[in-house]
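# An overview of the molecular structure
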Amino acid sequence: MTQFSNEADTILARYVPGFRSNLNLSPQQTKSHLADAVDSDMNYTEPGEGFNLDDVGESEPEDVAARVPDTPDKFLGSSRRVANFTEFQDSAWLDNVDKAKLLEDPTNLTMAALMAGKQRKHDDKIIQAALGNAFVKETDGSLTPVALPASQIVAASSVLRAHQDEIVPDDNSDYGMSLGKLIEANELLDESEIEGDRYVTLTSAEIASLLQRTPTTNDSYAEVKALNSGKINHLLGFTVKRMSKKRMPIVSGQRRLIAWVKPALAIRGRPVTNARISIRTDKSDTPQAFYKTSHAAGRRYDEGVVEIRVTV
């Protein structure tokens, strides 16, 4: 059985408020890649097991064909998607009691590592929401899973919108990232008519692939070169979110990347309330910092998200 010090006046208790406060710092202070690119509230306090993503259907005005026409008689359709909270936790051993005080400083290496891990967990949740199932809440309260439609996936072999003279296969084989795939993704997002900033996840491999496939004579070469060198973070209307290769999922030898419009994805994070710094009496009285919290993410609009597949 795990044992903690439960002395009310333990010296470690005084450091818990600062530790908990640092964990609740906003995403831009702890280097989340994706939380600022979606509808986010990382201090969500509304009660419930999840949060709702409500949408109202389109309204179609009717032409007036009579001098005294009937008043249109209709309700606007509506739908509700839901995202349920799931818990996660983390901890770190401390060399000694004196090190606990350092957790009040957000730049402390141990504190920074815990904060960064928390934000990477949020990024994973957003990626899962984009590429996995969304859940529609039916009138009887049941949840119906909705996969991202096949029409929203740019195939690894697609040359539909190959850009000018860029180098792409001519044998219908799979390949890496190209300008044409980004143009195709942009076209699909245009059809959604959802307003908002557009983002795309790229790893170092995709950026290298873009540079390799784009001839120096291409109009976009200078932009791709600047993206590769880190001088800019946008391309073809997208703000590029650079991701580690290990964070983006792979299926059948293909990496799954995401292009989206900001309102199409949402995440909510609970404030950290369950945090402690305690002596573990079962581990030679070694102090340990621990926290547990929860988050939820969902896809509000399928047409506002595009999956781009590339070879690994």
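Now for a look at the structure at hand. (Residues numbered from 1 in each chain as written. Predicted model: local features only at pLDDT ≥ 70, side-chain atom pairs only at ≥ 80, totals over all residues. Heavy atoms only, no water.)

## Some remarks on the side chain of R256
With respect to the helices and strands, the residue R256 is situated in strand β12 (residues 254–261). For R256, a relative accessible area of 18% corresponds to the buried category. In this structure R256 touches L131, M248, P249, V251, E307, I308 and R309, once residues within four positions along its chain are discounted. (Helix = DSSP H or I, 4+ residues; strand = E, 2+ residues; numbered from the N terminus. Buried < 20%, exposed > 50% of the residue type's maximum accessible area, 1.4 Å probe, protein only. Contact = heavy atoms within 4.5 Å.)

## Quick word on the pattern of salt bridges
Side-chain pairs of opposite charge can arise whenever the charged atoms involved come near each other. Applying the stated rule across the entire model yields 15 salt bridges. Close ionic contact of D39 with R300 constitutes a salt bridge, the shortest N to O distance being 3.6 Å. One end of the pair, D39, is in strand β1 (residues 39–41); the other, R300, is in the loop between β15 (286–299) and β16 (305–311), and 261 residues separate them in sequence. In the salt-bridge network here, residues are joined through shared partners; they are D39, R268 and R300. (Salt bridge = Lys/Arg side-chain N within 4 Å of Asp/Glu carboxyl O.)

## A few points about the pairing of strand β5 (residues 134–137)
Going residue by residue along β5, you find A134 and V136 tucked away on one face and F135 and K137 left uncovered on the opposite face. In this sheet, strand β6 (residues 143–146) lies alongside β5 in antiparallel orientation, the contact comprising four bridges. Bridge pairing in β6 links F135 to P145. Taken together, β5 and the strand that follows it, β6, pair antiparallel across an intervening segment of five residues, in which G141 is found at a positive phi of about 95°. (Pairing = 2+ DSSP bridges.)

## Thoughts on the packing of helix α5 (residues 204–213) against helix α6 (residues 221–228)
Here α5 crosses α6 at 150°, and the two axes come no closer than 9 Å. By the angle class used here, α5 and α6 are roughly antiparallel. Classified by chirality, the crossing of α6 by α5 is left-handed. Contacts between α5 and α6 pair I207, L210 and L211 from the former with Y221, V224, K225, L227 and N228 from the latter. When the residues that make up the contact of α5 with α6 are grouped by side-chain class, the tally is six nonpolar, one polar and one charged. (Axes fitted to C-alpha atoms, helices over the stretch in contact; angles between N-to-C directions. Parallel < 35°, antiparallel > 145°, perpendicular 65-115°, else oblique. Left-handed = near helix turned anticlockwise from the far one by under 90°. Nonpolar A, V, L, I, M, F, W, Y, C, P; charged D, E, K, R; others polar.)

## A closer look at the packing of aromatic side chains
A complete count under the given rule lists five aromatic pairs for this structure. Site record: aromatic cluster; members linked through ring pairs are Y44, F51 and F85. Directly above the ring of F51 sits R268, whose terminal nitrogen or CZ lies 4.8 Å from the centroid. Of note, R270 hangs over the ring of F85, and the distance from its end group to the ring centre comes to 4.1 Å. (Phe/Tyr/Trp six-rings, centres within 6.5 Å; stacked < 30°, edge-to-face > 60°. Lys NZ or Arg CZ within 6 Å of the ring centre and 35° of its normal.)

## Some points on unusual backbone geometry
The backbone phi angle of N172 is positive, close to 65°, even though this residue is not glycine. Note that N172 resides in the loop between β7 (153–154) and α4 (179–192). Of note, the phi angle at E193 is positive, near 60°, even though the residue is not glycine. Topologically, E193 is positioned in the loop between α4 and β8 (198–202).

On their own, these measurements won't tell you what the molecule is for.
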